[in-house]
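Chain by chain, the residues:
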Amino acid sequence: MNRRSLPVAAALAATAALLLTACGSGDSPKDNDKIAGADTGESKPPTPPSASASGPADRPTFTFPAGVENQFENWKTGDPAKDAVLQDVSQQVNAVDDAILRGDANSAGVAYYRQGKALLSAQKWIDAWLRDDLTWTGVTRYFQPNVKVADQDTAAVVYCADDSKAFNKNRKTGKVDRSPSGESPFITYSTQLQKNSKGVWQTTDVISKRGDKTCAS
């Protein structure tokens, strides 16, 4: 089965509103997220977007175990400002997965790329998967990013995910659950970002919705 849902901390809102306004919206952890965890063996880094990184050079780096991968497709617009935002959005995705992989709900990497409501929801999300002794294996595809840079310090991004090739895995036994799921594998994410004093675009709000027509079409 594709990665199953866990309880959402807050109600979902319309994804388009955040992108159009680049201002406040409701918060939730990822509606049906993958877990990077108990796999062993040779490790490789997640697929990075080809945009240039913004901000400091001493950014945290994340390495996933063999068999676990995030793919970011068409994650470059050609606009340096937008590409810097997308770079940091992809890194906050990787940071959450890295924290789950290491079993660290208070990860410094997550706090580096997430703040405010988004940080709190990520910590709750990581804790929930750790309590259930679940991880994941396979590939998650991130695609169709839509970016709005409202000003030099504020931006919003809506993007899609496909977890049809990612599967739940029991942390203790290593058993992978590939049974069919009745849920859509497509998820729409809406994020709000603020650039901090170091030049890092930190995610401050996240909304997710599984099966939304934005990504499932």
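Before reading further, recall that the structure is shown in the block above.
The shown structure was predicted, so the numbers you read here are calculated from the model rather than taken from an experiment.

Asker: Would you mind going over the overall build of the chain in detail, with residue names and values included?
Answerer: On a plain count of helices and strands, the chain comes out with five helices and eight strands. Start at the N end of the chain and walk to the C end: the helices and strands fall as α-β-β-β-α-α-α-β-β-β-β-β-α. Each of the 217 residues in the chain was classed as buried or not, and the buried ones make up 51%. Taking all contacts inside the chain whose residues are at least 6 apart in sequence as the whole, residues at least 24 apart take part in 74%. About 9200 Å² of surface is accessible on the chain, with carbon and sulfur atoms providing 51% of the total.

Asker: Describe the pattern of salt bridges, naming the residues involved and giving the relevant values.
Answerer: Tallied over the entire structure, the rule returns eight salt bridges. Linking Arg59 and Asp88 is a salt bridge whose minimum nitrogen-to-oxygen distance equals 2.7 Å. Of this pair, Arg59 sits in the loop between β1 (43-44) and β2 (64-65) while Asp88 is found in helix α2 (residues 80-102), placing the two residues 29 residues apart along the sequence. When sorted by exposure, Arg59 lands in the same class as Asp88, which is buried. Linked through salt bridges whose partners overlap, the residues forming this network are Glu73, Arg141 and Asp162.

Asker: Help me get a handle on the packing of α2 against helix α4 (residues 116-131), residues and values and all.
Answerer: One way to put it is that α2 packs onto α4 with a least axis distance of 10 Å and a crossing angle of 35°. As for how α2 packs across α4, the hand of that crossing is right-handed. Between α2 and α4, the contacting residues are Val96, Ala99 and Ile100 on the first element and Ala122, Trp125, Ile126 and Leu130 on the second. Each residue belonging to the contact of α2 with α4 can be placed in one class, and the counts come to seven nonpolar, no polar and no charged.

Asker: How would you summarise unusual backbone geometry if you had to cite specific residues and measurements?
Answerer: In this structure, Asn74 is a non-glycine residue whose phi angle is positive, near 55°. Structurally, Asn74 is set in the loop between β3 (68-72) and α2. Take Asn74: its relative accessible area is 67%, and that puts it in the exposed class. Its identity is not glycine, yet Gln144 carries a phi of approximately 55°, on the positive side. Under the relative-accessibility criterion, Gln144 is labelled partly exposed at 45%.

Conventions and cut-offs
- Residues numbered from 1 in each chain as written.
- Predicted model: local features only at pLDDT ≥ 70, side-chain atom pairs only at ≥ 80, totals over all residues.
- Heavy atoms only, no water.
- Helix = DSSP H or I, 4+ residues; strand = E, 2+ residues; numbered from the N terminus.
- Buried < 20%, exposed > 50% of the residue type's maximum accessible area, 1.4 Å probe, protein only.
- Contact = heavy atoms within 4.5 Å.
- Areas by Shrake-Rupley, 256 points an atom, 1.4 Å probe, with all protein chains shown as cover.
- Salt bridge = Lys/Arg side-chain N within 4 Å of Asp/Glu carboxyl O.
- Axes fitted to C-alpha atoms, helices over the stretch in contact; angles between N-to-C directions.
- Left-handed = near helix turned anticlockwise from the far one by under 90°.
- Nonpolar A, V, L, I, M, F, W, Y, C, P; charged D, E, K, R; others polar.

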